[in-house]
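Coordinate analysis (summary)
The primary structure of each chain is shown beneath.
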Amino acid sequence: MKTSFYNVNAESFYNDTVAVDLSPLYDLFLPLLAPSGHIIDAGCGSGRDSLYFLQQGFAVSAFDASERLVEKASALTGLDVELNTFEHFRTEKLADGIWACASLLHVASNALPAAFTNLSKNLKDGGYLYCSFKYGNDDVERGGRYFTNADESRLTMFIKHTRLHMVKTWITADARPDRQDEKWLNAILVKGNRNEP
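Conventions used here
Residues numbered from 1 in each chain as written. Predicted model: local features only at pLDDT ≥ 70, side-chain atom pairs only at ≥ 80, totals over all residues. Heavy atoms only, no water. Helix = DSSP H or I, 4+ residues; strand = E, 2+ residues; numbered from the N terminus. Buried < 20%, exposed > 50% of the residue type's maximum accessible area, 1.4 Å probe, protein only. Contact = heavy atoms within 4.5 Å. Pairing = 2+ DSSP bridges. Salt bridge = Lys/Arg side-chain N within 4 Å of Asp/Glu carboxyl O.

1. A few points about the overall build of the chain
On a plain count of helices and strands, the chain comes out with seven helices and nine strands. Taking all 197 residues of the chain together, 50% fall into the buried category. The contacts in the chain between residues at least 6 apart in sequence include a share of 62% that link residues at least 24 apart.

The structure is reproduced here in structure tokens:
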């Protein structure tokens, strides 16, 4: 996963994303979790979502792979945001929910199964994981950034050998006003054994 783009462009990325309103996504995810439960903001970027979760009374752990964004998210939220990756993050306090909004898409497609496996190890049984990808079934590099796109079948393959199972998927337009024509795959996954009802 390349982080140089976000270190070099941290200021503009922060300014472009910190005020984006994701209420429709929060409203689908947060009711699944216990009040004041523990959320891991995986690839937290600006810290926007972590701050919102804190304001709703949740306990939050956050990490990002970009040193500059870790600094900015820590300053915004007051959290000790960790410099880490999806493949290596560990927490002693398992999460009720993991939030990976527009972040896992920067992991190479061949590394995504391992990333999902590791994230699931940090999630309680019965816990939920939200993730989003630009809608598609290919890998692209654009403007110095790598993107793994995903549709429903590709996401199913990424989680095939994990204990994560699809609960819900839906398509949305980009929440940024200048990107309305970009489509996103949103998914809520749950952790459990395959033979569980």
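Read on for the rest.
2. Some remarks on the sheet that holds strand E3 (residues 82-83)
Spatial strand order, E3-E2-E1-E4-E5-E9-E8: seven strands in an open sheet with mixed pairing. Edge positions in the sheet fall to E3 and strand E8 (164-173), since each has one partner strand and no second. Pairing of strand E2 (residues 59-64) with E3 involves two bridges; the strand directions are parallel. The residue of E3 that forms the bridge with Asp64 is Leu83.

3. Some thoughts on the pattern of salt bridges
Summed over the entire model, instances satisfying the criterion amount to seven salt bridges. Between Arg68 and Glu71 there is a salt bridge whose closest N-O contact spans 3.9 Å. Of the two residues, Arg68 and Glu71 both sit in helix H5 (residues 67-77), three residues apart, roughly one turn of that helix. Judged by its relative accessible area of 31%, Arg68 is partly exposed. Asp125 is paired through a salt bridge with Arg163; the nearest N and O atoms lie 2.9 Å apart. Here Asp125 is found in strand E5 (residues 123-134), whereas its partner Arg163 is found in the loop between helix H7 (152-158) and E8, with 38 residues between them in sequence. Classification of Asp125 by relative accessible area gives exposed; the value is 54%. When its relative accessible area of 27% is taken as the criterion, Arg163 is described as partly exposed.

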